[in-house]
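Residues per chain, in single letters:
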Amino acid sequence: MKRSIPGDSKEVASSTEKRQRSPSFHQPSDVLHLNVGGTLTAVLRRTLTSIEGSMLASRFSGRWDDSLEKDRDGNFFIDQPIDLFQPMIDYLRAKACETTLAPPVSSPAFDDARKLKDFVRMVEYFGMTAGIYPTELELCRGEISAAKISGHPHLGVISSEYATFTLETRGHKRPIRSFSVILGDVEKIEIGLVRTNHFVKKLRKGDHKGVGTERYSFCLDCSQGGLLYEGSFTKLDGLSTEKGTLVRCENKGEKWLVNGQVVASSIALEDSFHLPPDLQQYSLVPAFSGKGSWQVCEVELDPMTSDHKTTISQAHL
């Protein structure tokens, strides 16, 4: 889509001044005219900035328009191939009009492995990974009617009954390496990891084993104040389950922090809890069992992109 710009410099200045005085200037409804690797296109500002915290959201927020690179016709210049950038924009457009009456929007897919790697690299560069490949919470144990799940960018759970949830990525094979949980009003909460694909859905009423008690799982049991591996409990001092408590799991369980303080680590607590070697041979995904409310944030992905086994080298938790 070409944009017609007056050739006379005075006309350009006048047009710019009128636009700046317009109530819609620097508003989310602006139409941005882009030159992407030599191809002209247009996109709504709110589409380009829809992934909160991304480089694109910051760059095109409206605050930096005057300092951004432009071509000779005044179009914002993006130095990326259009065949990589366009699928990302199309995905954002599709997400903007997504409804429950249609199939969910899928992340962009490529038949060419090299092109996929280039796309992922570009998405990472723009800080768009969490939006293009959203991380999702899924109910695996418990009753559907008792649980409410919020999606990206405000991942969270409100469950009136004890239930278990997993946190997984979609659209790529990069596992989650680290994550944080902010506790809300909770009666019971277990935060940990479980073997990938082990939690086959059992959505029904009644008692069930949670993370840390279930086979091939371990967790930080905030309610009891310790660590659980397949039901084996190790007491830790100083754990808190107060509302607002921040719990962080780093490097797939090698380090656990509560409100910034290390409470368990493969280095700091060498003589305490030893994670059994049989769990080291499996890929792990974050899992949560509890009753109440909590939010998931600060999710970090492993830089590795192929199927591989998690490395918890003789982790002493």
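Overview of the structure. (Residues numbered from 1 in each chain as written. Predicted model: local features only at pLDDT ≥ 70, side-chain atom pairs only at ≥ 80, totals over all residues. Heavy atoms only, no water.)

### Quick notes on the nonpolar core
In terms of nonpolar packing, the biggest core is built from 34 residues, with Ile191, Leu220, Trp256, Phe288 and Trp294 touching the most fellow members. Val43, Phe76, Met88 and Phe126 belong to the second largest nonpolar core, which has 26 residues in total. (Core = buried A, V, L, I, M, F, W, Y, C linked by side-chain atoms within 4.5 Å. Buried < 20%, exposed > 50% of the residue type's maximum accessible area, 1.4 Å probe, protein only.)

### Structural notes on helix H5 (residues 113-125)
Spanning 13 residues, H5 covers 18 Å between terminal C-alpha atoms, matching the ideal 18 Å at 1.5 Å per step. When H5 is considered as a whole, its buried residues turn out to be Phe119, Val120, Met122 and Val123. The buried residues of H5 occupy an angular sector of 160° when the element is viewed end-on, so they sit on one face. The exposed set on the far side of H5, more than 90 degrees from its buried face, consists of Ala113, Arg114, Lys117 and Arg121. (Helix = DSSP H or I, 4+ residues; strand = E, 2+ residues; numbered from the N terminus. Expected span 1.5 Å × (residues − 1). Arc of directions from axis to C-beta.)

### Some words on the packing of helix H4 (residues 82-96) against H5
In a pair of packed helices, the angle between the axes and the distance between the axes together describe the arrangement. Interhelical geometry of H4 versus H5 gives an angle of 65° and a closest axis separation of 10 Å. When the axes of H4 and H5 are compared, the crossing they make is right-handed. On the side of H4, the interface is formed by Asp83, Leu84, Phe85, Pro87 and Met88, while H5 contributes Lys115, Asp118, Phe119, Met122 and Val123. (Axes fitted to C-alpha atoms, helices over the stretch in contact; angles between N-to-C directions. Left-handed = near helix turned anticlockwise from the far one by under 90°. Contact = heavy atoms within 4.5 Å.)

### Some details on H4
Its 15 residues give H4 an end-to-end C-alpha distance of 21 Å, which sits within 8% of 21 Å, the value for a rise of 1.5 Å per residue. Within H4, burial applies to Leu84, Phe85, Met88, Ile89, Tyr91 and Leu92. What you see down the axis of H4 is that its buried residues fit within an arc of 155°, all on one side.

### Points about the layout of surface pockets
Vacant regions in the atomic arrangement are exposed by a probe of water-molecule size rolled over the atoms. Of the voids in this model, the largest pocket is the one considered here, and its volume is about 850 Å³. Listing elements by their share of the lining of the largest pocket, those giving two or more residues are helix H2 (45-48), H4, strand E4 (135-141) and strand E5 (147-150). With five residues, the single largest contributor to the lining of the largest pocket is E4. For the lining of the largest pocket, the class distribution of residues is 16 nonpolar, 11 polar and eight charged. (1 Å grid on protein atoms, 1.4 Å probe; cavity = no way out; pocket = protein on both sides within 12 Å on 5 of 7 lines; lining within 4 Å. Points joined across faces, edges and corners; volume = space filled by probe spheres on them. Nonpolar A, V, L, I, M, F, W, Y, C, P; charged D, E, K, R; others polar.)

### Remarks on empty space enclosed by the protein
Inspection of the entire model under this criterion finds one cavity of 30 Å³ or more. Taken as a whole, the largest cavity encloses approximately 30 Å³ of empty space. For the largest cavity, the full set of lining residues is Arg59, Phe60, Leu68, Glu69 and Phe77. When grouped by side-chain class, the residues that make up the lining of the largest cavity number three nonpolar, no polar and two charged.

### Re the pattern of salt bridges
This model, assessed by the stated rule, comprises 15 salt bridges. Residues Glu300 and Arg177 are paired through a salt bridge, measuring 3.8 Å at the closest nitrogen-oxygen approach. Of this pair, Glu300 sits in strand E14 (residues 284-301) while Arg177 sits in strand E7 (residues 176-195), and the two are 123 residues apart along the sequence. Taking the relative accessible area as the measure of exposure, Glu300 reaches 34% and is therefore partly exposed. Judged by its relative accessible area of 29%, Arg177 is partly exposed. Between Glu250 and Arg248 there is a salt bridge, and its shortest N-O distance comes to 3.3 Å. Assessed through its relative accessible area of 11%, Arg248 is described here as buried. (Salt bridge = Lys/Arg side-chain N within 4 Å of Asp/Glu carboxyl O.)

### Here's the deal with the side chain of Thr129
You can see Thr129 is positioned in helix H6 (residues 129-132). According to the relative accessible area criterion, Thr129 is buried, its value standing at 12%. Within the local environment of Thr129, its side chain forms a polar contact with the side chain of Glu124, the two groups lying 3.2 Å apart. (Polar contact = N/O pair within 3.5 Å; in protein donor to acceptor, adjacent residues only side chain to side chain.)

### Overview of the pairing of strand E10 (residues 232-235)
Where strand E9 (residues 226-229) and E10 come together, four bridges link them in antiparallel fashion. Pairing of Gly226 across the sheet is with Lys235, part of E10. Hairpin remark: E9 followed by E10, antiparallel, with two residues in the connecting loop; positive phi at Glu230, about 50°. (Pairing = 2+ DSSP bridges.)

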